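Understanding the architecture of this molecule
Here's the letter readout for the chains.
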Amino acid sequence: MEELRAQNPAAVPDLPDLYEPLVLFYERGGEFFRDNAGFLDLTGALFRPGTLRGHLGTPPLITLSDTVLDAVDGEGRISYYTASDGQGPLLRRRELRDEQCDELFSRDLRWEPTDRIPGSEEEAKDAGLVELDEIAAAKLIGVIVANASR
């Protein structure tokens with residue numbers, strides 16, 4: 001793609017580097033597995049591969065900066081939460097073996113301990129929190145990072 005772009009920039013205008021996300025994934029120690037149910041497991045995040053047409057409607061992860069990727073990296077089972085009105089902070093719960101860690105993504109662009117996540121899913125809903133998937137959490141982190149750099 002780079003050679004084609006160098007030879008004839010008009011032939012591939014504004015196309016992203018197709019392999020950059022995959023290269024970043026592997027450089028950061030990423031791995032994936034395919035399970036017997038047809039899902040790809042990105043070491044905790046599961047998705048079912050679909051058709052190209054089906055993925056055209058999926059919102060892309062636009063920000064692949066080190067700060068955003070560092071913020072979404074984490075060991076264990078991770079759940080993300082924010083206020084149901086969208087005005088609250090980004091919270092995450094990490095569960096690893098017998099340990100649970102609740103954290104808040106701060107304006108300092110790092111995870112800090114918090115006690116703002118209730119113990120159960122029902123209590124979280126009652127407290128006005130909604131669970132986010134990984135893509136929505138990464139987008140919110142990207143917004144926080146962009147706002148912090150202004």
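In what follows, the accompanying structure is described. This one's a predicted model, so the numbers in the text were calculated from it and none came from an experiment.

Three or four residues apart is the spacing at which side chains of an α-helix point the same way, because the helix has 3.6 residues per turn. Here helix α6 (residues 134-148) contains 15 residues, and its C-alpha end-to-end distance of 21 Å stays within 8% of the 21 Å for a straight helix at 1.5 Å per residue. Every buried residue of α6 is accounted for by A137, A138, I141, G142 and V145. Viewed end-on, α6 has its buried residues packed into an arc of 145°, placing them on one side of the element. Buried residues along α6 sit in contact with α4 (66-72), β4 (77-83), β6 (99-105), β7 (111-113) and β8 (129-132). Capping of α6 at its N-terminal end is provided by D133; its side-chain oxygen lies 2.7 Å from the backbone amide nitrogen of A136.

Checked against the element boundaries, R93 lands in strand β5 (residues 91-96). Given a relative accessible area of 5%, R93 falls into the buried group. Of the polar contacts made by the side chain of R93, one reaches the side chain of D102; its length is 2.7 Å. Apart from the residues within four sequence positions on either side, R93 is in contact with R77, I78, S79, Y81, Q100, C101, D102, I117, P118 and G119.

Looking now at a nonpolar patch on the surface. A surface patch of nonpolar side chains, amounting to about 800 Å² of accessible area, comprises M1, L15, L18, Y19, L22, V23, Y26 and F32. Summarising the element assignment, F32 is placed in the loop between α2 (20-27) and β1 (33-34). F32 sits in the partly exposed class, given a relative accessible area of 40%.

Taken together, five strands build an open sheet; the order of strands is β7-β6-β5-β4-β8 and the sheet is antiparallel. Both outer strands of the open sheet, β7 and β8, are each paired with one neighbouring strand and no more. Averaged over neighbouring strand pairs, the angle between their axes works out to 35° when direction is ignored. Relative to β8, β4 runs antiparallel, the two sharing four bridges. By the bridge assignment, Y81 is partnered in β8 with E131.

Applying the stated criterion across every chain yields a total of two aromatic pairs. Taking 6.4 Å as the distance between ring centres and 40° as the angle between the ring planes, the aromatic pair formed by Y80 and W111 counts as tilted. With Y80 in strand β4 and W111 in strand β7, this pair connects stretches of sequence that are 31 residues apart. Of the residues examined, Y80 reaches a relative accessible area of 2% and is grouped as buried. Grouping aromatic residues by their ring pairs yields a cluster made of Y80, F105 and W111.

Cut-offs used in this document
- Residues numbered from 1 in each chain as written.
- Predicted model: local features only at pLDDT ≥ 70, side-chain atom pairs only at ≥ 80, totals over all residues.
- Heavy atoms only, no water.
- Helix = DSSP H or I, 4+ residues; strand = E, 2+ residues; numbered from the N terminus.
- Expected span 1.5 Å × (residues − 1).
- Buried < 20%, exposed > 50% of the residue type's maximum accessible area, 1.4 Å probe, protein only.
- Arc of directions from axis to C-beta.
- Contact = heavy atoms within 4.5 Å.
- Polar contact = N/O pair within 3.5 Å; in protein donor to acceptor, adjacent residues only side chain to side chain.
- Patch = residues over 30% accessible without salt bridge, like charges linked within 9 Å, V, L, I, M, F, W, Y side chains within 5 Å.
- Areas by Shrake-Rupley, 256 points an atom, 1.4 Å probe, with all protein chains shown as cover.
- Salt bridge = Lys/Arg side-chain N within 4 Å of Asp/Glu carboxyl O.
- Pairing = 2+ DSSP bridges.
- Axes fitted to C-alpha atoms, helices over the stretch in contact; angles between N-to-C directions.
- Phe/Tyr/Trp six-rings, centres within 6.5 Å; stacked < 30°, edge-to-face > 60°.

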